[in-house]
Amino acid sequence: MLSLHSKICEVYAHPLGRDIVDKMLLEMGKPAWLVDNPIIGNLTLGAIQKLLSKNLGSGFFDAILNLLNSEPDTPDTHSVPSSPAWWKEAVFYQIYPRSFGCDDESNVLRGILSKLDYLRELGVDAIWLSPVYDSPNDDNGYDIRDYYKILPEFGTMNDMDALIAGLHKRGMRLVMDLVVNHTSDEHPWFQEALRDENSPYRDFYFFRKSDGKPPNNWVSFFSGPAWNYYPEQDIWALHLFSKKQMDLNWECPALREEIYKMVRWWLERGVDGFRLDVINYISKTPGLHDGDPFVGALMTYTGVEHYFYGPKLNEYLKELRGKAFAPHNAFSVGETPGIGTRMGRLLTDDYRRELDLIFSFDHLVSPGHTRFDDYRYDLSYLKRFYQSHLNADLGHGWNTLFFNNHDNPRMVSKIDPEGLYTRPLAKLLAVLQLTLRGTPFLFQGDETGACNVKFNSIEEINDVESRGLYAELIKTMPPDKAFRQILAGTRDHARAPINWEEHERQRGEADSVWRFYQDLIVLRRSSRALIYGKLEFLYPRKKKLLSYTRSLNGEYFYIEANLSAVKRRSKAPVGAVLLFGNYGKSGGKILHPYEVRVYRVTSIV
Ligand code: GLC
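Residues numbered from 1 in each chain as written. Predicted model: local features only at pLDDT ≥ 70, side-chain atom pairs only at ≥ 80, totals over all residues. Heavy atoms only, no water.

Visitor: Would you mind going over a positive patch on the surface with me for this structure?
Guide: A contiguous patch of positive charge, built from K542, R569, K571 and K589, is present on the exposed surface. Relative accessible area serves as the criterion here: at 52%, R569 is assigned to the exposed category. (Patch = residues over 30% accessible without salt bridge, like charges linked within 9 Å, V, L, I, M, F, W, Y side chains within 5 Å. Areas by Shrake-Rupley, 256 points an atom, 1.4 Å probe, with all protein chains shown as cover. Salt bridge = Lys/Arg side-chain N within 4 Å of Asp/Glu carboxyl O. Lys, Arg positive; Asp, Glu negative; His and termini not counted. Charge placed at Lys NZ, Arg CZ, Asp CG, Glu CD. Buried < 20%, exposed > 50% of the residue type's maximum accessible area, 1.4 Å probe, protein only.)

Structure (structure tokens):
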């Protein structure tokens, strides 16, 4: 049991403690080695509380200690060989249906079907399809009105069946989005629960009476309080996201059974697995107490400590897997914002039977920044991140490798906002995705090096998150400054329509990003070393040079990347054979801006 008498180093030895301290340091832009300093490491929490008492109430330490003491488990640290699985070998590709559309097709699902040969040619094995369910589209489909129906503008259930069959015919798989932290407020469950307080659906959501103000101080990820008031019923309901995305109460057994039933229904239809939307938020601390203001200020969202790794999360995930996924041998990847490496292992280590993989996002934003800061992403942070996280993940766990999705600005633009090095950078990221240890998830447009969009005004922005934030920001700053922040972080950068002409052009161009991805995927597929092989990082202190080896059963690769726009020396070993490079195959002693190279070597010294 950890208490105020525990030392920082003891907190750091706890898997959650380590992730939480790392996360806090990251948010503050402070380096993790601070904790290794013996003076700091030997301070007790009580002493820190006294030192900082002006800023911190006791609530902060209670919040952290409660969280730590709620998790008795630690990840198994024995190094075991990874057991093979199709989803460790596959290359995934995320489709955001709203912007994947092809004009010449009758609907979106038919349009996707018509592009399967294209995706297969690129080397894609499995598709993650963002929501296509019936929805009022307050959050582009992440607000589901009917889990059993396709959004009419996307197609019909027949089109869906045709897509599943089309994928399977080509040896490809389909992963659907599963949004079960919340439903739309237009879902019949919510409608009935709101209308009738004796309805069995009342317990599916979090309804609370509260006089004149929200029942607690939690804030929504999309700005403002996390509670909506319904004057006719004089009742509040919880929504961590938009006012139309009502949180489901997983404490209610009947709700959980409805969810498992629905998951099984889709799996019986032929779906191969799910990406589970914000799945780490499904268990909320009973009582829904106020969030600590200091944690709130640090993590941007007050209340987050009560649900980002809730007390029953592991229990619910085990149940979901046991009752719905396991009978179909289905694959799961959880979206888990805020979950660090060790907590992540508790969610994904194979012997725990919870999730197969997770997406966490700490590598997408440089320390001390948020997504909405206008800054230049520093790739040397990515190197540090990978060195500590991918190494820590030996044995039972497995990683996801991605730089983009529908919720983030494009990575190439974050690194190089002027777009001077888009092509070499896109290829550099491709190499990391396909030669590090983990499963690559491409997002539509990655294969052409798609960049951020040049929006001119807030009217051009559609995203509910950005619009809510803009309305908040202009209360305290001039509109042009507020718009600059929106431009830095808006999710609409990733949601712009696919430029199919560009895709077809690059497909036919020898030196394109498209062809580079295609060739790399062929290489990855031909080599077990690049999938299951050992990963070792070299030159850990050279901030601007990322260099590592992959090896298995006598097959060796050496990979190096210049993480900056300044030329530097290659460290390739003598005799190494250059297979790939974003500056051609000539090699040489000097690495150009953002140059990346993949070599085959005969041994590793
Ligand atoms: C996830 C989705 C995001 C959505 C949110 C609420 O983060 O990726 O697009 O807005 O959950 O469902």
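Visitor: I'm lost on the nonpolar core in this one. Help?
Guide: Generally speaking, soluble globular proteins have nonpolar side chains that are buried together. Of all hydrophobic cores here, the largest spans 182 residues; its most connected members are L129, M160 and F274. Top element by residues in this core is helix α18 (residues 422-435). It accounts for eight residues. If you look at the next biggest cluster of nonpolar residues, it comprises eleven residues, including F455, L469, A482 and I486. (Core = buried A, V, L, I, M, F, W, Y, C linked by side-chain atoms within 4.5 Å. Helix = DSSP H or I, 4+ residues; strand = E, 2+ residues; numbered from the N terminus.)

Visitor: For this particular structure, what's the right way to read the sheet that holds strand β18 (residues 555-562)?
Guide: Sheet strands pair by backbone hydrogen bonding; their relative direction is either parallel or antiparallel. The five strands are arranged β16-β17-β18-β22-β20 in an open sheet whose pairing can be described as antiparallel. The sheet is open, and its two edges are formed by β16 (534-538) and β20 (577-581), each paired on a single side. Direction aside, the axes of adjacent strands within the sheet are offset by 20° on average. Summarising the sheet, β16 and strand β17 (residues 545-552) pair through five bridges and their orientation is antiparallel. For L535, the partnering residue across the bridge sits in β17 and is R550. Contacts from helix α16 (residues 379-389) reach β16 and β17, with the element oriented near 135° to β16. Against the sheet, α18 touches β17, β18 and β22 (596-601), its axis set at about 30° to β17. (Pairing = 2+ DSSP bridges. Axes fitted to C-alpha atoms, helices over the stretch in contact; angles between N-to-C directions. Contact = heavy atoms within 4.5 Å.)

Visitor: Would you mind going over the site of the ligand with me for this structure?
Guide: Every one of the 14 residues lining the ligand counts as a neighbour, but D139, D277, E335, H406 and D407 are closest to it. One of the side-chain N or O atoms of R275 is found 3.0 Å from an oxygen atom in the ligand. At 2.9 Å from an oxygen atom of the ligand is found a side-chain nitrogen or oxygen belonging to R491. Protein contacts shield 96% of the accessible area of the ligand, which totals 300 Å² for the unbound molecule. When grouped by side-chain class, the residues that make up the shell around the ligand number four nonpolar, three polar and seven charged. (Near = heavy atom within 4 Å. Polar contact = N/O pair within 3.5 Å; in protein donor to acceptor, adjacent residues only side chain to side chain. Nonpolar A, V, L, I, M, F, W, Y, C, P; charged D, E, K, R; others polar.)

Visitor: Explanation requested: the environment of G368 in the structure shown.
Guide: In this structure, G368 sits in the loop between β13 (357-359) and α16. Distance from G368 to L487, taken between C-alpha atoms, is 19 Å for residues 119 residues apart in sequence.

Visitor: For this particular structure, what's the right way to read the side chain of T302?
Guide: Here T302 shows up in the loop between α13 (293-299) and α14 (313-325). When sequence neighbours within four positions are dropped, the list of residues in contact with T302 reads N217, W218, V219, G291, D292 and G296.

Visitor: Help me out: how do you make sense of the environment of I235 in this one?
Guide: Along the chain, I235 turns up in strand β9 (residues 235-238). The buried category is assigned to I235, whose relative accessible area is 3%. Between the C-alpha atom of I235 and that of D211, which follows or precedes it by 24 residues, the distance is 9.2 Å. Residues within four places of I235 in sequence aside, it is in contact with L194, R202, F207, R208, K209, N228, Y229 and Y230.

Visitor: What am I meant to see in the environment of K7 here?
Guide: Inspection of the secondary structure puts K7 in the segment before α1 (8-13). Every residue in contact with K7, bar those within four places of it in the chain, is listed here: G41, N42, L43 and T44.

Visitor: Sorry, what's going on with the packing of aromatic side chains here?
Guide: In this structure the tally under the stated criterion is 44 aromatic pairs. Aromatic pair F221 and Y307: ring centres 6.3 Å apart, planes at 80°, arrangement edge-to-face. With F221 in the loop between β7 (207-208) and β8 (227-230) and Y307 in the loop between α13 and α14, this residue pair connects regions lying 86 residues apart in the sequence. What makes F221 buried here is its relative accessible area of 12%. (Phe/Tyr/Trp six-rings, centres within 6.5 Å; stacked < 30°, edge-to-face > 60°.)

Visitor: Please explain the side chain of D407 as it appears in this structure.
Guide: Here D407 lies in the loop between β14 (400-401) and α17 (411-415). Exposure remark for D407: the relative accessible area of 14% places this residue in the buried category. A polar side-chain atom of D407 sits 3.3 Å from a polar atom in the side chain of H406. When near neighbours in sequence (up to four residues on either side) are disregarded, D407 contacts R275, E335, R371, R491 and R495.

Visitor: Would you mind going over the pattern of salt bridges with me for this structure?
Guide: Opposite charge on two side chains makes pairing possible when the charged atoms of those side chains draw close. Tallying each qualifying case throughout the model produces 45 salt bridges. In this structure, the salt-bridge partner of R410 is D446, at a minimum N-O distance of 3.6 Å. A residue pair is termed long-range when its members are at least 10 positions apart, and R410 in the loop between β14 and α17 and D446 in the loop between β15 (439-443) and α19 (464-473) qualify at 36 residues. The exposure classification of R410 matches that of D446, with both residues buried. Put simply, R505 and E502 hold a salt bridge, and the shortest N to O gap is 3.1 Å. One end of the pair, R505, and the other, E502, are both in helix α21 (residues 500-507), three residues apart, so they sit about a helical turn from each other. When its relative accessible area of 23% is taken as the criterion, E502 is described as partly exposed.

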